[in-house]
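Next come the chains, spelled out residue by residue.
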Amino acid sequence: MVNSHAELRLARGWLLLAIAMAMVASLVWFAPAPAQAAGDANDEIFFYRADGLFRYYNISPSGSVGSPIEAGDNYTENWSAITAIDLDGDGQDEMFFYRADGLFRYYDIRPNGTIGSPILAGNNYTPGWTAITAVDLDGDGQDEIFFYREDGLFRYYNISPNGNVGQPILAGGNYTPGWSSITAVDLDGDGQDEMFFYREDGLFRYYNIAANGNVGKPILAGDNYTENWSAITAIDLEGDGQDEMFFYRADGLFRYYNISSTGHVGSPLAAGSNYTHDWSAITAVDLDFNQPPVPPTVCEAQTVIPEAECDALQALYLSTGGASWTLRTGWNAGNPCTWLGVTCAGGHVTVIDLEANNLSGTLPTTLGNLTGLQDLSLENNLLTGPLPSSFTNLASIRIVKLSGNSLTGSIPTFPNAANLTELNLGDNGFTGGVPTALNTKTSLQILDLAENALGGTLPNLGNLDVLTILDISEAGLSGTLNAASLPGLANIQNLDLSSNGFTGEVPAFAQPTLSVLDLSENSLSGALNDSLMSTGIPTAIASPGGLALCGNLNGFTASAGLTTWLNDRDPLFNSACGA
């Protein structure tokens, strides 16, 4: 291991997993995981970097690689373990991704290196595993899975074709601590894996392992391996079922070795120092076993909307615990435009309405791919975290209703949305004040930012000529009310700025459209303007609560006529509320 703050753990059992718990100053490579030799028998090799860069390569028996089979930079960032694993014993590997906080995904993978929707996904795996490897304990071609933590805790599990694990085959806390790479390797080509353990100071062990996970005395042991390898993976280069070994260091140094059934290595098959630096996961994977073609995913098969939009919907399902939604009719099958809460028009998703449907978790970045989305209504769920920065891409958005969640961060302004008519973010945990940029959203009719912890003062909102509802109550605001902008809201009907910390006088409201004005429970005072009598606020009998000035205990003064008018609408205008 090249950095004592990064946990390098390798996993391999006909495929190898690279895992690291932390990264410091420079990116440190985590341990790769090997692939099972089957089908065409020759493994391919996969490289991944923590920023999402990836490559799949064919590799020759001599260890040479050519042009990538598949390459890109859009894989999810910060996976700490990636391993190929044969879940169903058909000889064609699947892929497993793990993050140190417990997030995980299992994917089918095609011969061209592309993946579709997850076989299984979640965020409830035990956090903090520092090595995970697929290992065929019983030689049946179907891998088991091994988890290790640097303090010696370990687990062996059977795993089903759908990625589910049950009770451990074997578990304990007495493995040697501090191994930095652990990989399954078939030394003798019998289909039953052995296990290899490596520590960054050069200590190593090869063990036979029984079907129940028990190991005995080492096949081979020593302390003279080269130090600071950051990735070690078993890989079948020749298609004979007997693995070779690959060693990689974060500065680009690499070696491919033949390895005997006793664990001995000779001269390298291939060696050099010119591999790309700082790959954080490297795994052998058998992509092209001669199986029938993998059927297209739901999103690949459908043609009604762009695949990226369908993928965004599936990401929403996964990120917000879709399996636990109250209702999820149609999701993840057939036409996505018929999925519960989804509406399409003109070949694009235009509406997502999943109000009060037990969505729990964070909103995925890929929602920004829904460039035709006009209505996003997810209020009264259990959503957390900040809104994705990709929301700036939602140029067609008109209605955003996310109230009644536990969202955090700053209030979004949707700079590219020229026709935003409703922004309802009330009853969340937003901070950072009311953005001044909202004054440019001249199509806004409803703005509800109530019951947040915004703080700051009320900015000028005088350009919002068509605004009918403005509710920023219980938002931690202070300062004076904007005497220039608030009376300028020509079409305002409902204005609620209650339960803040406003001081000074009440502006001269005169809008005949104004039917609800709630300025209660602030620290306002001074003379009330007779123009209030020009508003459309009805009497308390006609509309209870149409006017609320109570709770401003510094006191108001008013003319005799205005006092009569006020007493008809808020008899407590100079008292505590509920007095």
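See the structure shown above.
Participant: Would you mind going over the sheet that holds strand β19 (residues 231-235) with me for this structure?
Facilitator: The strands making up a sheet associate through backbone hydrogen bonding, with each pair oriented either parallel or antiparallel. Pairing in this open sheet of four strands is antiparallel, and the strands run β19-β20-β21-β22 from one edge to the other. One side of each edge strand has no neighbouring strand; the edge strands of this open sheet are β19 and β22 (265-272). Each neighbouring strand pair of the sheet contributes to a mean axis angle of 25°, computed without reference to strand direction. Pairing of strand β21 (residues 254-259) with β22, which is carried by five bridges, proceeds in the antiparallel orientation. Considered in β22, the bridge of I259 is made with V265.

Participant: How should the packing of aromatic side chains be read in this particular structure?
Facilitator: One pair of aromatic rings is described through two measures. These are the centre distance and the angle between the planes. Scanning the entire structure with this criterion turns up 41 aromatic pairs. Aromatic side chains F47 and W279 sit 5.5 Å apart centroid to centroid with 50° between the ring planes, which places their arrangement in the tilted category. On the criterion of sequence distance, the pair formed by F47 in strand β4 (residues 44-48) and W279 in the loop between β22 and β23 (281-285) is long-range, its members being 232 residues apart. With respect to burial, F47 and W279 carry one shared label: buried. Considering the side-chain rings of F54 and Y56, the 6.1 Å spacing of their centres and the 75° angle between planes classify their relative orientation as edge-to-face.

Participant: Any chance you could explain the nonpolar core here in plain terms?
Facilitator: Nonpolar side chains in soluble globular proteins tend to end up buried together. Residues I352, L470 and I472 are the most contacted members of the largest nonpolar core, which totals 74 residues. Going through the elements one at a time, α2 (307-319), β25 (348-353) and α3 (560-569) are the ones with two or more residues in this core. When residues in this core are grouped by element, the largest group, five residues, is from α2. Residue contacts for I472: discarding those within four places in its chain leaves V434, L449, A450, L454, L458, L477, D496, L497 and N500. In this structure, A231, F254, Y256 and Y275 belong to the second largest nonpolar core, which totals 17 residues.

Participant: What is the right way to look at α2 in this model?
Facilitator: In an α-helix, one turn spans 3.6 residues, which is why side chains three or four residues apart end up on the same side. With 13 residues, α2 should reach 18 Å at 1.5 Å per residue; the first-to-last C-alpha distance of 18 Å fits that figure. Along α2, the residues that are buried comprise E309, C310, A312, L313, Q314, A315, L316 and Y317. Close packing links the buried residues of α2 with β10 (115-122), α1 (298-301), β24 (342-345) and β25. Just downstream of α2 lies G321, where phi reads positive at about 65°.

Participant: I keep staring at the state of the cysteines and nothing clicks. Help me out?
Facilitator: Working definition of a disulfide: a covalent bond connecting the sulfur atoms of two cysteines. As enumerated under the stated definition, the model contains three disulfides in all. There is a disulfide in this structure between C299 and C310, and the S-S distance comes to 2.1 Å. Taking the torsion about the S-S bond as the criterion, the C299 to C310 disulfide, at about -75°, is left-handed. Separated by eleven residues along the polypeptide, C299 in helix α1 and C310 in helix α2 bring together distant segments of the chain.

Participant: Explanation requested: the pattern of salt bridges in the structure shown.
Facilitator: Oppositely charged side chains are able to pair whenever their charged atoms sit close together. Applying the stated criterion across every chain yields a total of seven salt bridges. Among the salt bridges present, the one from R149 reaches D151, with a minimum N-O distance of 2.7 Å. Residue classification places D151 among the partly exposed residues on the basis of a relative accessible area of 42%. The partner of D251 in a salt bridge is R249, and the shortest N-O contact between them spans 2.8 Å.

Participant: Looking at this structure, how should I read the environment of L359?
Facilitator: Within the secondary structure, L359 is located in the loop between β25 and β26 (360-361). Here the alpha-carbon distance between L359 and N405, two residues 46 residues apart in the chain, equals 9.5 Å. Residues contacting L359, with those up to four places away along its chain left out, are T320, W325, L354, L378, N381, L382 and L383.

Participant: Mind showing me how you'd approach unusual backbone geometry here?
Facilitator: Note on backbone geometry: most residues besides glycine have negative phi, and most peptide bonds are trans. Positioned with a positive phi, N358 is a non-glycine residue whose angle comes to about 65°. Residue N358 is classed as partly exposed on the basis of its relative accessible area of 32%. Positioned with a positive phi, D427 is a non-glycine residue whose angle comes to about 60°. Tracing the backbone shows D427 in the loop between β31 (422-424) and β32 (446-448).

Conventions we followed
Every chain is numbered independently, its residues counted from 1 as its sequence is written. In view of the model being predicted, local features appear only for residues whose pLDDT reaches at least 70, and side-chain atom pairs are presented and counted only at 80 or more, with totals across whole chains, interfaces and linings using the full set of residues. Side-chain numbers come from the whole structure's heavy atoms, not from hydrogens or water. Strands were regarded as paired on the criterion that DSSP finds at least two bridges between them. Each helix is a run of H or I in the DSSP string that is no shorter than four residues. Each strand is a run of E no shorter than two, and both are numbered from the N terminus. Whenever a helix is involved, its axis is fitted only over the stretch in contact; in every case the axis is a line through C-alpha atoms, and angles between N-to-C directions fall within 0 to 180 degrees. Geometry of aromatic contacts follows a simple scheme: Phe, Tyr and Trp rings, the Trp one being its six-membered ring, pair when their centres are within 6.5 Å, and the pair is stacked under 30 degrees between planes, edge-to-face over 60, tilted otherwise. Think of it in three bands: residues with accessible area under 20% of the maximum for their type are buried, residues over 50% are exposed, and the middle band is partly exposed, with areas taken using a 1.4 Å probe on protein chains only. Only buried Ala, Val, Leu, Ile, Met, Phe, Trp, Tyr and Cys residues count toward a nonpolar core, and they belong to the same one when joined by side-chain atoms within 4.5 Å. Two residues qualify as a contact provided that any one of their heavy atoms is within 4.5 Å of a heavy atom in the partner residue. Multiplying 1.5 Å by the residue count of a helix minus one yields the expected span of that helix. Here, two cysteine sulfur atoms that lie within 2.5 Å of each other are counted as a disulfide. Every case where a carboxyl oxygen of Asp or Glu lies within 4 Å of a side-chain nitrogen of Lys or Arg is listed as a salt bridge.

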